[in-house]
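# Examination of the molecular architecture
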Amino acid sequence: MSGTTRNKIAWAVFAFLAIGVGFYPVLYWVTSEPFGLLLGKAPALLENQLWNIGFYGHITFGGIALLTGWSQFSKKLRTRKLKLHRNLGKIYVISALISGVCAVYIGFHATGGWVASLGFIGLGLVWLYTTLKAYLSIRAKDLGLHQGMMIYSYAACFAAVTLRIWLPLLTMAFGEFLIAYKIVAWLCWVPNMFFAYFWVRKKGISLV
């Protein structure tokens, strides 16, 4: 298999996962009974209006960020349809910032106590910082910094995908959801940051 073929397959898998998980929040809107991550929440929390705003704001705008962000890495889109690239980028930034703020808030109520809370709050803060930095850098016409920070930003956003890959595997490995959830609160995004670091280095982008 040639390198070009492998790259095309990797790109197709990347886009498929981003789109698939990007539409996943729709299930929370159309299902009347709690399911998924809501099953582990206390009834009092599920009735808390502010928490519900945070939760649904996070998953909805996070889904939009996933759906729009992956296309930003397409060279064809950037070169042939620059206006569309910019408009999708604006949607991504707005969605990521809203979802990130919501993520930090609901992180304080994460299942699994302080270990999980610190993991998800840390993810939210990293996502907010890298997204805001990416936006400010393109406003300052620093294309290199913008590209580098967008890689980090979407790596944080893609934690929504890696979480759903790791969580069932860890649950089967440990035989207990709670242990798996505490681990995945960190595992869903820290390796993504290392991947982003090496990707940025490979592209020769300076973030200084």
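Residues take numbers from 1 onward in each chain, read along the sequence in its written order. Reporting in this predicted model follows two pLDDT cut-offs: at least 70 for local features of residues, and 80 or more for side-chain atom pairs to be given and counted; totals over whole chains, interfaces and linings ignore these cut-offs and use all residues. Excluded from the side-chain calculations are hydrogens and water; all other atoms, namely the structure's heavy atoms, are used.

## Details of the packing of aromatic side chains
In this scheme Phe, Tyr and Trp rings, the latter by its six-membered ring, pair at centre separations within 6.5 Å, and the angle between planes marks the pair as stacked below 30 degrees, edge-to-face above 60, and tilted otherwise. If you walk through the whole model with that rule in mind, you get 19 aromatic pairs. Summarising the aromatic geometry, the rings of F73 and W199 are spaced 5.5 Å apart at their centres and angled 35° between planes, so their arrangement reads as tilted. Of this pair, F73 sits in the loop between α4 (49–69) and α5 (75–80) while W199 sits in helix α11 (residues 190–202), and the two are 126 residues apart along the sequence. A simple rule labels every residue: compare its accessible area, found with a 1.4 Å probe on the protein chains alone, to the largest value its type can have, and call it buried under 20%, exposed over 50%, or partly exposed in between. Residue class for F73 comes out buried when judged on its relative accessible area of 17%. For W199, a relative accessible area of 32% corresponds to the partly exposed category. An aromatic cluster of at least three residues, connected via ring pairs, comprises W11, F14, W70, F73, Y92, Y154, F158, F195 and W199. By the criteria applied, helices consist of DSSP H or I runs no shorter than four residues and strands consist of E runs no shorter than two, each listed in order from the N terminus.

## Considering a positive patch on the surface
The grouping of K83, R86, K90, R139 and K141 at the surface amounts to a positive patch. When residues in the positive patch are grouped by element, the largest group, three residues, is from helix α6 (residues 82–107). By secondary structure assignment, the location of K141 is in the loop between α7 (113–139) and α8 (143–157). A patch consists of residues exposed above 30% relative accessible area that lack any salt bridge, with like charges linked at up to 9 Å and nonpolar side chains (Val, Leu, Ile, Met, Phe, Trp, Tyr) linked at up to 5 Å. Each accessible area is a Shrake-Rupley estimate made with a 1.4 Å probe; only the visible protein chains count as cover when residues are assessed. Should a side-chain nitrogen of Lys or Arg be within 4 Å of a carboxyl oxygen of Asp or Glu, the pair is scored as a salt bridge. His is not counted here, nor are the chain ends, while Lys and Arg score as positive and Asp and Glu score as negative. A charged residue contributes its charge at one atom only: NZ of Lys, CZ of Arg, CG of Asp or CD of Glu.

## Digging into the side chain of T162
Looking at the element boundaries, T162 is found in helix α9 (residues 159–174). In this structure T162 comes out as buried when scored by relative accessible area, which is 11%. In what follows, a contact means two residues having at least one pair of non-hydrogen atoms within 4.5 Å. T162 has contacts with C188 and N192, leaving out every residue within four places of it along the chain.

Fair warning: the whole summary comes from geometry, so function is off the table for now.
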